[in-house]
Amino acid sequence: MVEPYVIKMPQLSDTMTEGVLVSWEKQPGERVERGDVVATIETDKAIMDVEVFHAGYLAGPLAVVDSVIPVGGTIGYLLEEPGTAAVTPEKSGPPLPAAAPETSVAPAAGEESAEGAPAGTPIKMPQLTDTMTEGVLISWEKQPGERIARGDVVATIETDKAIMDVEIFREGFLSGPLIAPDSVVPVGEPIAWLVESSEQVRHDTAAAPGGKPVAQMPASPATPLVAAVPAAPPVAAGTPAARPQQGAASPYARSLAPTLGVDINRVVGSGPAGVIVAADVLAASTSAGAAGPAQQRVAEPPVPGEGRPMTAIEKAISHAMTASLSMPTFHVTVKVRPEALMRAAKARKISVTVAIAKAASEALRQHPLVNAAYQPTDRIVERSRHDIGIAATTDDGGLVVPVLRGVEQQDLEGLQEQWTKLVEKARKRRLSPDEYAHPTFTISNMGMYGVEHFDAIVTPGTAAIIAIAANGPEGMPITITADHRVVNGAEAAAFLTQLKKVMENPESWLGGRGAPALPAGDYDVQVLVIGGGPGGEDCARELAENGIKVAMVNSAPFPGGECLWRGCIPSKAWRAAADRIRDRVHDAEMGIQLGTPQLDWAQLEKHRRGILQTRGEMALKTDQGMKVQVLEGFARFTGPHSVEITGKDARTLSFAACVIATGAPAFVPPIPGVPEALAAGGAVTSDTVWELPEPPQRLCVIGAGAIGMEMAQMFHDFGAEVRVLEALPRPVAEMEQEVADQLMKALAKNSPRLTVQTGVRVQSMAGQRGAMQVHYQDEGGDQQCDCDLVLVATGKRPDTSALDLATAGIALGERGAIAVDDRCRSNLPHIYAVGDVIGGYMLAHTAGQQGRVAAANLLGHGARYDAAKDCGVTFTRPQCAFVGISVEQAKAAGMDATEVKAPMSIDAKAMMTGETDGFIKMVADKASHRIVGVHFLADHADTLVGEAVMMVSADLTLEQVATAIHPHPTQTELFGEMARRLLSRLRRSARAGQGG
């Protein structure tokens, strides 16, 4: 029997050793999918979700709500099969913890306890950071008597770093006594109460426990000052101290005690109900016999006048600076010429601050000790991750230090995006702990204020900080302040020398992902584009428009590639004719009699070829008008910076950078008889089907992808009997599952001469045009299809053999595709590849976007291709279309996603035109309400998909789409209706969860 999957208490923070089970979000016996939230727990910092990444059925024994469970302890189980809600005792391991006994019994409704405590559940001052011991109540967002739902914000508080929300994870009514605004409240003390009924609500206020409102606090007398909790707490040297023999201690206090050499059993707690908090351990570490770094300072002289109390953020800075006095530091200065870095940052639309942070990370790679930290007592913590704090001012004149995380792993564009969000939140002091806590290195830039020279102060938790002054005639002074216990003078000097080199020569490290890739040199052209399809043309035009000298090699007289000559345009010309025939089916329903439509194949072909010729001539004139040098021929690499071109415009050519956009030919599977049938004309591919003298009367299509299904239905509408053979279990596998399933049903109803067989294996073919036999196997055994013509539509596959990529050193990936990153860059920094030749979505608009991405990176602007925001349309009737990702794809990526669907049968416009087959499906992230995917099976999906593209690409939310005004009667109004329906469902689910 398969062992049950154990759901354990996760460790959600560095200091977490245990958690309290707040609620179960799933019930025993309920199906749990990968990524589902099964429970919520309270850690030493916040209330958080417990996600599982294993599918199964929730089973007990479950940990009891409000029980305390150590990290790694079992809270429940998942079973492979339904049918039981419990694990047998022999399989369940040790018994699960029960709820901790309450120290007091809650009074009855409307009563008070013997001690005078009000009825209900206390709302306590949360500990939102490791260093927080108290908070200042800034404002009440709810008033006494208001109904509180789970997740509501009831108040805002000021911590030692930021202003943050107090969020409630229970239901009830807000009740007094409420702490007055501007009051200082220790962590864990009540600030208000939640009661079960409105009759229990109290409207009185209370003074802050152990203190007074900030505005009334007197100036502190001159007393010996003890170092407070440092801004970046030390990392525990070992395991946390055991629970005290008497009373209780917070998890952070237990972690801190062994680090500072404090016997936690001798500490008197000052927290709620006598709980020992971190401040108590720090205070104890200064007493006689305590082994730790904290030391008592000499008493400061009295200062005349009426002092005002410090704000929380001012106190945090004061405490951090006090703690820094115990650090043996020194200063070293160099002068840097930053002009090259500034130019590079401006060209890429990156702030100089972010560029300096990245430069510092590059220097830290060579000198990792500067990124380390001293750990009490006598230990050094070495860190490979570069979390760089950068001092920033707030709107009210304060100072905060947002942290750019993982600078060593990110490119400049990603860092800039992160920094822009951090600065906006920092100005309003709305940073979360993850956004400001625990930097590994710090930058202070006062040069922007014109300061010519200054020293910065390094704080515990880091070994160094650099102070950047204003650029002057001799350069920009950069001074490092370093902790001599970690970094010696020689190491600091070497780091600054490396930083100076990096900043003055940005091209040496900006050559990574996304950097400008136009090496200097005497080349024939700056950029060579190989291939004149949508990817190559869009790239060449973008570069030429920005003054880059570009040559584009195309294998045909006119550009346009497969899209114009063998794909999108010619097939949609046929599709337009088929649509006219198909539309006549609905005429009689609307009272119109036009007769049976007749196809004039010669006229259709004349029309189609005329479109291609006209658009090809237009494309060439546009390219030449934009100063793109268009060369007809075939290119072959003769080195990393050179090609030989054969054909009409034969020559050799050298280039600084190159973009490969050669597309991919039709893939011919190794089926016996296929090469002979293709040579004799009894079989065609998507590349050769355009030379037919007349449409076939009997057609066999091998492959039910987009090309195969489009062609199958078009020839059906032209009058043919069509059979489609597909090896996979469903057609159009690139589309969402339900779209494919419903398409099959629509075809069965609306295309009587079209048969689609899935899960079959084609074995061979033989014959000649007009008399072909295809042999295949299905679940019934050996079968034969007799037809006039076979269309081999088994997709496309890159063929780069003629390019001689090995000579240039270009690496290949899967299935012969050129391997590139999300910037379309190959393994060589100056060579890019776009479109079908790199695999993925082999679509014309995808190639065009990738061509523009490559051009942007060559120009130094930086851009990325994001497949999760791509789209596609398959031109069957009804049409299949997608934008973004499906629910299955979202969940596989770790997103908690949901979907809503609207059938076309309820749409008024679809009813008017008799086009009621299909549906539209919208996919959204439950947490952010961001729309991540839209999927269609609908007539005219090609016109509806545009709005969905904007939703997904712009990260629109359900609220934004729900409140947008859509015209009536149109099919676009379905988007608003779906968004409103899904929002309503999510709200109902939230209320149901709160009720549970």
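Keep in mind that this is a model prediction, so the values were computed, not measured.

1. Some details on the overall build of the protein chain
From N to C terminus, the protein chain includes 23 helices and 48 strands. Across the 996 residues in the protein chain, those meeting the buried criterion constitute 49%. Looking at the protein chain as shown, the accessible area adds up to about 44800 Å², and 54% of this sits on carbon and sulfur atoms.

2. Considering helix H10 (residues 534-545)
Over its 12 residues, H10 runs 16 Å from end to end, which matches the ideal 16 Å to within 8%, given 1.5 Å per residue. In this structure, the buried side of H10 is in contact with strand E29 (525-530), strand E30 (550-554), helix H13 (601-625), strand E34 (651-660) and helix H18 (844-858). Gly547, located one to two residues past H10, shows a positive phi value of around 85 degrees.

3. With respect to the sheet that holds strand E45 (residues 879-884)
Each strand in a sheet pairs with another by means of backbone hydrogen bonds, the pair being arranged parallel or else antiparallel. With antiparallel pairing, five strands are arranged side by side in an open sheet as E44-E45-E48-E47-E46. Each edge of the open sheet carries a strand with a single partner, namely strand E44 (871-874) and strand E46 (897-903). Neighbour-to-neighbour, the strand axes of the sheet open up by a mean angle of 10 degrees, direction not taken into account. As judged from the six bridges shared by strand E47 (residues 919-925) and strand E48 (residues 931-938), these two strands associate in the antiparallel manner. Across the sheet, the residue bridging to Lys921 is His935, located in E48.

4. Some thoughts on the sheet that holds strand E41 (residues 781-787)
In space, the three strands of this open sheet follow the order E39-E40-E41, with antiparallel pairing throughout. Each edge of the open sheet carries a strand with a single partner, namely strand E39 (761-768) and E41. For this sheet, the mean inter-axis angle between neighbouring strands, taken without regard to orientation, is 20 degrees. Bridge count between strand E40 (residues 771-778) and E41: seven bridges; the pairing is antiparallel. For Gln773, the partnering residue across the bridge sits in E41 and is Asp786.

5. Looking at unusual backbone geometry
The linkage connecting Gly176 with the following residue, Pro177, adopts the cis geometry, with an omega of 5 degrees. Turning to its location among the elements, Pro177 is positioned in the loop between strand E14 (172-175) and strand E15 (178-179). At His929, a position not held by glycine, the phi torsion is positive, near 65 degrees. Relative to the helices and strands, His929 resides in the loop between E47 and E48. Of note, the phi angle at His940 is positive, near 70 degrees, even though the residue is not glycine. Along the chain, the position of His940 falls in the loop between E48 and helix H21 (941-953).

6. Quick look at the packing of aromatic side chains
Within this structure, the stated rule accounts for 10 aromatic pairs. Ring geometry for Trp574 and Phe715: centres 5.5 Å apart, planes at 70 degrees, overall edge-to-face. Separated by 141 residues along the polypeptide, Trp574 in helix H12 (residues 568-583) and Phe715 in helix H15 (residues 706-717) bring together distant segments of the chain. Residue class for Trp574 comes out buried when judged on its relative accessible area of 0%.

7. Topic: the nonpolar core
Membership of the largest hydrophobic core comes to 50 residues, with the highest contact counts inside it found for Phe441, Ile443, Ile466, Ile478, Phe495 and Leu499. For this core, the leading source of residues is helix H6 (residues 352-366), giving eight residues. Apart from the residues within four sequence positions on either side, Ile443 is in contact with Ile356, Ala357, Ala360, Ile388, Gly389, Ile390, Ala391, Ile465, Ile466 and Ile468. Ranked by size, the runner-up nonpolar core spans 37 residues in total, among them Trp574, Trp690, Leu791 and Leu937.

8. Let's talk about the pattern of salt bridges
Under the criterion given, the structure shown has 44 salt bridges. We note a salt bridge from Lys26 to Asp36, for which the minimum N-O separation is 3.7 Å. Note that Lys26 is positioned in the loop between strand E2 (18-24) and strand E3 (31-32) and Asp36 in the loop between E3 and strand E4 (37-42), a separation of 10 residues in sequence. Looking at Lys26, the relative accessible area reads 16%, which means it is buried. Residue Asp836 is joined to Lys796 by a salt bridge in which the shortest nitrogen-to-oxygen separation is 2.8 Å. Of this pair, Asp836 sits in the loop between strand E43 (831-833) and H18 while Lys796 sits in the loop between strand E42 (789-792) and helix H17 (805-808); the two residues are 40 residues apart in sequence, bridging distant segments of the chain. Taken individually, Asp836 and Lys796 each receive the classification buried, so the pair is uniform in this respect.

9. Focus on the pairing of strand E36 (residues 698-702)
Most of E36 sits out of view: four of its five residues are buried. Of the crossover connections in this fold, the one passing from E36 over H15 to the parallel strand E37 (residues 721-726) is right-handed. One ladder, built from four bridges, connects E36 with E42; its direction is parallel. Its bridge partner lying in E42, Val701 is registered against Leu791.

10. Some points on H15
Here H15 spans 17 Å end to end across 12 residues, near enough to the 16 Å set by a 1.5 Å rise per residue. Among the 12 residues in H15, 10 count as buried, and that is most of the element. For H15, every residue scored as buried is listed here: Gly708, Met709, Glu710, Met711, Ala712, Gln713, Met714, Phe715, His716 and Asp717. Gly719 sits one or two residues past H15 and shows a positive phi near 120 degrees.

11. Points about a nonpolar patch on the surface
A surface patch of nonpolar side chains, amounting to about 330 Å² of accessible area, comprises Met446, Met448 and Tyr449. Relative to the assigned elements, Tyr449 resides in the loop between strand E26 (441-445) and strand E27 (464-468). Judged by relative accessible area, which is 54%, Tyr449 ranks as exposed.

Rules behind the numbers
Residues numbered from 1 in each chain as written. Predicted model: local features only at pLDDT ≥ 70, side-chain atom pairs only at ≥ 80, totals over all residues. Heavy atoms only, no water. Helix = DSSP H or I, 4+ residues; strand = E, 2+ residues; numbered from the N terminus. Buried < 20%, exposed > 50% of the residue type's maximum accessible area, 1.4 Å probe, protein only. Areas by Shrake-Rupley, 256 points an atom, 1.4 Å probe, with all protein chains shown as cover. Expected span 1.5 Å × (residues − 1). Contact = heavy atoms within 4.5 Å. Pairing = 2+ DSSP bridges. Axes fitted to C-alpha atoms, helices over the stretch in contact; angles between N-to-C directions. Phe/Tyr/Trp six-rings, centres within 6.5 Å; stacked < 30°, edge-to-face > 60°. Core = buried A, V, L, I, M, F, W, Y, C linked by side-chain atoms within 4.5 Å. Salt bridge = Lys/Arg side-chain N within 4 Å of Asp/Glu carboxyl O. Right-handed = clockwise from strand over helix to strand, strands pointing away. Patch = residues over 30% accessible without salt bridge, like charges linked within 9 Å, V, L, I, M, F, W, Y side chains within 5 Å.

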